[in-house]
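So the chains spell out like this:
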Amino acid sequence: MTEALTLSVDAMGGDHGPQVTVPALARAAVRLPAAVRFLIHGDEAAIEAELSRFGPLRARSEIRHTDKVVASDEKPATALRRGKGSSMWNAVEAVKLGEAQAAISAGNTGALMAISKLILRMASDLDRPCLTASWPTVRGVTTVLDVGANVDCDAERLVEFAVMGAAFHRAAHGVARPSVGLLNVGSEDIKGHEEVREAHRLLREGGFDLNYQGFVEGDDLTQGVVDVVVTDGFTGNVALKTAEGVAKFITGELRAALTGSLQSKLGALLARKALRAFRDRMSPPAAAPLLGLNGVVVKSHGGAEVKEFADAVTMAADLGRNDFAAEIARSMSRLDFGAVPAAAGQGGE
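1. Examining the nonpolar core
Counting 101 residues, the largest nonpolar core has Leu7, Phe38, Leu57, Phe161, Val230, Phe309 and Phe324 as the members making the most contacts within it. Element by element, the count of residues in this core is highest for helix H7 (residues 155-173), at eleven residues. Residues contacting leucine 57, with those up to four places away along its chain left out, are Val22, Leu25, Ala26, Ala29, Phe38 and Leu51.

Structure, rendered in structure tokens:
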């Protein structure tokens, strides 16, 4: 990546604000080419106090001052009414105005989705953006979507997620033709509710140019059976939070076991590098891109520390560089559900 790129950053979002977001930018800047610049939105004094510690980053950054912030508990409707001019709003608006190729925020998820939809509009007739998680597996990373934005999904919406998920995985993880699976309670065609079975039929018969592999089950998520796993936002969010809870439980139990005696503490000291890698591997996804918008917006989780927010910034740079939003728009424009034959017993004579 050598071409010029500007990233628009909500410095005030999340639990920590500039004390994390600015050092995270400094960390990400080391990985990214010098042509990548940062447009930082928020309280100028607080941002400048952190930027002064990072000379190379300061030379690549522009601060856009605002003292308005979207609160972490603010309802999306309230954020739409009162959020104009906030650091989150301005970060997204910079993408709309062409001043930046991607926006990043660790702020209120619902507010970010609502503001992004209002400012950038949708690339298709989706009701809301789709949230995506990069899920660690034994084979690398699997893209899982939706993980919380769209609780109720019909069959056509699930097909749209499959198209968007494949485009995202191709851009973010470099897989030329990602394999796609549909999350279900079993692998047989008769399993699952009506919408899942109909989405399965559409993906098999619709000619959508996807590497569709059929149904996958919950225990396949960590096995990397496919590159992209598609589900509705209700199921995806439950799965994501369950996985995060299990990861915290395992990490806590391991920490307790390794500090229970002097002997185990010595063993932990010797294995600290491997244990640190284990901790990082078990950490929740650093970022969740909002798919389906006419622009790139990446959501980092609210409690993100420096490493996690830096990973989100790096992901936003990758997606901005790959013209990811335009690729999704092109893919969605080719969807033609009317061309798919009706299922047996439906329609016709």
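2. What about the packing of helix H5 (residues 87-96) against helix H6 (residues 109-120)?
One way to put it is that H5 packs onto H6 with a least axis distance of 10 Å and a crossing angle of 35 degrees. Along this stretch, H5 crosses H6, giving a crossing that reads as right-handed. Together, Met88, Trp89, Val92, Glu93, Val95 and Lys96 of H5 and Ala111, Leu112, Ile115, Ser116, Leu118, Ile119 and Leu120 of H6 make up the contact between the two elements. Of the residues that constitute the contact of H5 with H6, the class distribution is ten nonpolar, one polar and two charged.

3. A word on the sheet that holds strand S5 (residues 130-137)
Read across the sheet, eleven strands follow the order S3-S2-S1-S4-S11-S10-S5-S6-S9-S7-S8 without closing on themselves; strand pairing throughout is mixed. Bordering the open sheet on either side are strand S3 (61-65) and strand S8 (211-216), each of which pairs with just one other strand. Geometrically, the sheet is characterised by an average inter-axis angle of 25 degrees between neighbouring strands, direction not taken into account. Of the strand pairs in this sheet, S5 and strand S10 (residues 287-291) are connected by two bridges, and their pairing is antiparallel.

4. Some remarks on the environment of glycine 14
With respect to the helices, strands and loops of the structure, glycine 14 is situated in the loop between strand S1 (5-10) and helix H1 (18-31). Considering only alpha carbons, one finds glycine 14 and proline 136, 122 residues apart in sequence, at a separation of 23 Å. Setting aside residues no more than four positions away along its own chain, glycine 14 makes contact with Ala106, Gly107 and Gly302.

5. Some details on the pattern of salt bridges
Within the structure shown, the criterion is met by eleven salt bridges. A salt bridge links glutamate 50 to arginine 53; the nearest nitrogen and oxygen atoms lie 2.5 Å apart. With a shortest N-O distance of 3.0 Å, arginine 201 and glutamate 205 are connected by a salt bridge. Of this pair, arginine 201 and glutamate 205 are both found in helix H8 (residues 194-205), four residues apart, which corresponds to roughly one turn of the helix. Looking at arginine 201, the relative accessible area reads 10%, which means it is buried. With a relative accessible area of 42%, glutamate 205 lands in the partly exposed category.

6. Some words on the pairing of strand S11 (residues 297-300)
Put simply, side chains in a regular strand alternate between the two faces of the sheet. Burial of S11 is two-sided: the residues Val297 and Lys299 facing one way and the residues Val298 and Ser300 facing the other way are all buried. Across three bridges, the pairing between strand S4 (residues 102-105) and S11 is parallel. Bridge pairing links serine 105 to lysine 299 in S11. Both S10 and S11 contribute to a ladder of three bridges, which runs antiparallel. Across the sheet, the residue bridging to alanine 288 is lysine 299, located in S11. Between S10 and S11, which pair antiparallel one after the other, the connecting turn spans five residues, and glycine 292 there sits at a positive phi close to 100 degrees.

Procedures and definitions
Residues numbered from 1 in each chain as written. Predicted model: local features only at pLDDT ≥ 70, side-chain atom pairs only at ≥ 80, totals over all residues. Heavy atoms only, no water. Core = buried A, V, L, I, M, F, W, Y, C linked by side-chain atoms within 4.5 Å. Buried < 20%, exposed > 50% of the residue type's maximum accessible area, 1.4 Å probe, protein only. Helix = DSSP H or I, 4+ residues; strand = E, 2+ residues; numbered from the N terminus. Contact = heavy atoms within 4.5 Å. Axes fitted to C-alpha atoms, helices over the stretch in contact; angles between N-to-C directions. Left-handed = near helix turned anticlockwise from the far one by under 90°. Nonpolar A, V, L, I, M, F, W, Y, C, P; charged D, E, K, R; others polar. Pairing = 2+ DSSP bridges. Salt bridge = Lys/Arg side-chain N within 4 Å of Asp/Glu carboxyl O.

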